[in-house]
Amino acid sequence: MEHLICNNLTAGYDGKAIIADLSFSVNAGDYLCILGENGSGKSTLMKTLLRLKSPMSGEITMGSGLSANEIGYLPQQTVVQKDFPASVREVVLSGCLNGCGLRPFYNKKEKQLASENMEKLGITNLANRCYRELSGGQQQRTLLARALCATRKILLLDEPTAGLDPTSTAEMYELIAGLNDKRNGGTSIIMISHDIANAMKYASHILLIGSGKLLFNGTAAEYSQFVGGAAS
Amino acid sequence: MTFGERIDQLIYLFNNFDFARYALLVGVLIAFCSSLLGVTLVLRRLSFIGSGLSHVSFGSTTIVAAIAMIIGVESFQNNFFFVLPITILCSIWLLLSGPNSKIKGDSALAMLSVGSLAVGYLFMNIFPKSANVAADICTVLFGSTAILTLGSKQWLVWLCVGLSVLVSAMFLLFYNKIFAITFDEDFASATGIKAKTYNAILAIIIAVIIVLAMNLVGALLVSALVVFPALTAMRVFKSFKAVTICSVIVSVFCSTIGILLSAMYDNLPLGSVIVAVNLAVFILFAFAGLAARRKKA
Ligand SMILES: Nc1ncnc2c1ncn2[C@@H]1O[C@H](COP(=O)(O)OP(=O)(O)OP(=O)(O)O)[C@@H](O)[C@H]1O
Ligand SMILES: [Mg+2]
């Protein structure tokens, strides 16, 4: 079952294309890793996929059985106002909002979900702390917990391990792999990363972008051949 | 008069006159509503939306006054019903332009407020001033000077009650959505929240509140009523819920004190007293916040 299909997608800012003519698709249960240098347009691509910006040309089709409120997202940078009063619990809970529809308040199940996700990311003890007074890594965990609250179907993560220490990074990859596991429901993952070793280890598919176009699109196994071939 | 005599006079006033009780009711309701959205506005760097929108109201008041004069309508006491829609439209424009637009929020505000101020003043001078217009414009700029002017307009009292109930209900219904789109609009839209729609609803609520609050403190001071309670609460509290609750309490408290003081002393204009009390409480909280942080460190 396809979750997301891109056809000849061109994305950019103010009429200037950053990446052109991308075609790929993501199936349910896939773990896709997007690789590329700084400034190659990975975040731009992800924002376009999320419809935060409109594509310059081409089209993005959501597969059957996936609607906009079943997407989880971890932005690369969140420009949260410096003096925003928000507790960690409030931020994580706000991830559940897309399941509420017109219901004004969170129900028991959603509060439970938020607690579980805080537990998973080891931030339960921070629940009542002010978000803006946390360290970068703690903030990252909070935002990931929020993303997990928003979906069981597909997660889009923009550099989820940025700012995490080595142990936490390893834990994070295990956690994401766990979510992707069929036995846990098989959440599809689209992740941007610079960590090629871990990408090859965990991802099922790799997308490499650079020089404004798609350089590689295939499975992780094919990618190691591709890299090997280029080296020799 | 001694302080005790003034208190007696105050009690006499509230026991015997409807207008005094109405003034207090209107003041408390306006204070309640205006503090609800302060946090959101401060965080969106739209603290000055109060000034901007109230200048728009000023501009449209003079235009409406001029038109009323041209078509020969004597009284335009109900200019409210023309001014409100215009203000709502401007508010929606400001909030929907958002952080990504070409003209940033603060410059858009500046443009709007000086623009309408100039147009307003222009209209005042082009068309011969009648006493009526001048008096109305003074109220628009400085609010009610005494509780008598506030409490004696029956229609205003009932309008305030109705709109306050509406605004609080909307705020309660959309509380979580308002939090989400203020904290991280991109995440909200990415995960399927209709951020644009909620922003528009927010804009309408804000415009209604501003126009209401103008009746209490006037166009020049309306930002204070909207922003002070939120800033005060943010000195001490760290979660959105706590800040919202605290700012409502602070706002209602300050306005009540202000109204009572203005009723006790004839030479204290209502709007300025309320803002002054807000300022005093802000300073108090700022020190309390500082002390609390010292203690922790
Ligand atoms: N808001 C913007 N307006 C105009 N150009 C932008 C904007 N944001 C990014 N760009 C440009 O688009 C290009 C791609 O940026 P993008 O953020 O997608 O890179 P990236 O691949 O995510 O890089 P990184 O690895 O550093 O996160 C860059 O050249 C950048 O200068
Ligand atoms: Mg990026």
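An account of the accompanying structure is given in this report. (Residues numbered from 1 in each chain as written. Chains lettered and ligands numbered in written order. Predicted model: local features only at pLDDT ≥ 70, side-chain atom pairs only at ≥ 80, totals over all residues. Heavy atoms only, no water.)

### Describing the nonpolar core
The test is simple: To qualify as a nonpolar core, a set must consist of buried Ala, Val, Leu, Ile, Met, Phe, Trp, Tyr and Cys residues joined through side-chain atoms within 4.5 Å. Categorising residues by exposure relies on relative accessible area from a 1.4 Å probe, with only protein chains included: less than 20% of the type maximum marks a residue as buried, more than 50% marks it as exposed, and the intermediate range marks it as partly exposed. Helix numbering and strand numbering both begin at the N terminus, where a helix is a DSSP run of H or I of at least 4 residues and a strand a DSSP run of E of at least 2. Residue contacts are counted whenever heavy atoms from the two residues lie within 4.5 Å of one another.
Counting 120 residues, the largest nonpolar core has Ile206(A), Leu37(B) and Ile206(B) as the members making the most contacts within it. Here this core takes 16 residues from helix H12 (residues 195–217) of chain B, the largest share from any one element. In contact with Ile206(A), not counting residues within four places along its chain, are Leu32(A), Cys33(A), Leu35(A), Ala199(A), Phe216(A), Asn217(A), Gly218(A), Thr219(A), Ala220(A) and Tyr223(A). Within the second largest apolar cluster, 27 residues are counted, among which are Leu4(A), Leu9(A), Val26(A) and Ala190(B).

### A closer look at the coordination of the magnesium ion (ligand 2)
Residue and element names in this part refer to chain A. Heads up, the rule is: Donors, by definition, are the N, O and S atoms found within 2.8 Å of a metal, the threshold being 3.2 Å for Na, K and Ca, and water is not counted, so a site can look incomplete.
Protein-derived ligands of the magnesium ion (ligand 2) are Ser 43 (OG) and Gln 76 (OE1), with the metal-ligand distances lying across 1.9 to 2.2 Å. Taken together, the residues span a long stretch of sequence, with Ser 43 in helix H1 (residues 42–49) and Gln 76 in the loop between strand E5 (71–74) and helix H2 (88–93) at a distance of 33 residues. Overall, Ser 43 belongs to the buried group, its relative accessible area being 18%.

### A closer look at the interface of chain B and chain A
Our working rule: As used here, buried area is the combined drop in accessible area, with a 1.4 Å probe, of two parts when they are placed together. Any carboxyl oxygen of Asp or Glu within 4 Å of a side-chain nitrogen of Lys or Arg constitutes a salt bridge here. We call two N or O atoms a polar contact when they sit within 3.5 Å, provided that within protein one can donate a hydrogen and the other can accept it, with sequence-adjacent residues counted only if both atoms are side-chain atoms. Under the scheme applied, nonpolar residues are Ala, Val, Leu, Ile, Met, Phe, Trp, Tyr, Cys and Pro; charged residues are Asp, Glu, Lys and Arg; polar residues are all the others, including Gly.
Residue-level contacts link 28 residues of chain B with 36 residues of chain A. Summing the contributions of chain B and of chain A, the shared interface buries around 2,700 Å²; its carbon and sulfur component is 64%. Counting the surface chain B buries against chain A, the share from its top three residues, Phe183(B), Phe187(B) and Lys238(B), is 27%. For the interface between chain B and chain A, the tally reads two salt bridges. Residues Lys238(B) and Glu133(A) are paired through a salt bridge, measuring 3.6 Å at the closest nitrogen-oxygen approach. One can count nine residue pairs in polar contact (both at pLDDT 80 or more) joining chain B with chain A. Of all elements in the fold, only helix H3 (38–43), helix H9 (154–173), helix H10 (175–183), helix H11 (185–190) and helix H14 (240–264) of chain B reach the threshold of two or more residues within the side of chain B that touches chain A. Ranked by the residues each element gives to the side of chain B that touches chain A, the list is headed by H10(B), at seven residues. Tallied by class, the residues present in the side of chain B that touches chain A amount to 16 nonpolar, six polar and six charged.

### Focus: the side chain of Ser91(B)
Mapping Ser91(B) onto the fold places it in helix H5 (residues 80–97). Assessed through its relative accessible area of 0%, Ser91(B) is described here as buried.

### Looking at the pattern of salt bridges
All names here are of chain A. Evaluation of the coordinates by the stated rule reveals five salt bridges over all chains. A salt bridge links Lys 153 to Glu 70; the nearest nitrogen and oxygen atoms lie 3.3 Å apart. On the criterion of sequence distance, the pair formed by Lys 153 in the loop between helix H4 (136–149) and strand E6 (154–158) and Glu 70 in the loop between strand E4 (57–62) and E5 is long-range, its members being 83 residues apart. Judged by its relative accessible area of 23%, Glu 70 is partly exposed.

### Topic: the sheet that holds strand E7 (residues 188–192) of chain A
One key point about sheets: their strands pair by backbone hydrogen bonds, in either a parallel or an antiparallel sense. All names here are of chain A. Rules: For two strands to be treated as a pair, DSSP must find at least two bridges joining them. For helices, the fitted axis covers only the stretch in contact; all axes are lines through C-alpha atoms, and the angles between them, taken along N-to-C directions, range from 0 to 180 degrees.
Ordered in space as E5-E6-E7-E3-E8-E9, the six strands form an open sheet in which the pairing is mixed. Of all strands in the sheet, those bounded by a partner on one side alone are E5 and strand E9 (213–219). Across this sheet, the average inter-strand angle for adjacent strands is 15 degrees, counted without regard to direction. Relative to strand E8 (residues 205–210), strand E3 (residues 31–35) is paired through four bridges, and the arrangement is parallel. Opposite Leu 32, over in E8, you have His 205 as the bridge partner. Running over the sheet, H1 touches E3, E5, E6, E7 and E8 and is turned about 150 degrees from E6. Across the sheet, H4 lies against E5 and E6, angled at about 170 degrees from E5, the strand it touches most.

### Examining the site of ligand 1
All names here are of chain A. Heads up, the rule is: Nearness is judged by heavy atoms alone; a residue qualifies as near a molecule or strand once a single heavy atom is within 4 Å of it. The Shrake-Rupley method, run with a 1.4 Å probe, gives the accessible areas here. Residue values count only the displayed protein chains as cover.
Among the 13 residues in the neighbourhood of ligand 1, the closest are listed as Gly 39, Lys 42, Ser 43, Thr 44 and Gln 76. A distance of 3.3 Å is found between a nitrogen atom of ligand 1 and a side-chain nitrogen or oxygen belonging to Tyr 13. The backbone of Ser 40 places a nitrogen or oxygen atom 3.3 Å from an oxygen atom of ligand 1. Protein coverage of the free-state accessible area of ligand 1, which is 640 Å², stands at 60%. At three residues, H1 tops the list of elements feeding residues into the shell around ligand 1. In the shell around ligand 1, the residues fall into two nonpolar, eight polar and three charged.

### Regarding a nonpolar patch on the surface
All names here are of chain B. Note the threshold: Residues form patches when they are more than 30% accessible in relative terms and have no salt bridge. Like charges link within 9 Å. Nonpolar side chains (Val, Leu, Ile, Met, Phe, Trp, Tyr) link within 5 Å.
On the surface, a cluster of nonpolar side chains totalling about 390 Å² of accessible area is made up of Leu 279, Ile 283, Phe 287 and Leu 290. Mapped onto the secondary structure, Leu 279 falls in helix H15 (residues 270–296). Under the relative-accessibility criterion, Leu 279 is labelled partly exposed at 40%.

### Some remarks on the packing of H4(A) against helix H5 (residues 166–180) of chain A
Residue and element names in this part refer to chain A. Under the convention used in this document: Any angle that falls under 35 degrees is termed roughly parallel, while one over 145 is termed roughly antiparallel, one within 65 to 115 roughly perpendicular, and all others oblique.
Running from N to C, H4 and H5 point in directions that differ by 0 degrees, and their axes come no closer than 13 Å. Judged by the angle between their axes, H4 and H5 are roughly parallel. Only Ser 168, Glu 171, Met 172, Leu 175 and Leu 179 of H5 make contact with H4, whose side of the interface consists of Arg 141, Leu 144 and Leu 148. Considering only residue class, the contact of H4 with H5 consists of five nonpolar, one polar and two charged.

### Brief notes about the pairing of E9(A)
Residue and element names in this part refer to chain A. Across six bridges, E8 lies against E9 in antiparallel orientation. Among the inter-strand pairings, His 205 is bridged to a residue of E9, identified as Thr 219. Counting the residues in the hairpin turn of E8 and E9 gives two residues, including Ser 211, whose phi is positive at 45 degrees.

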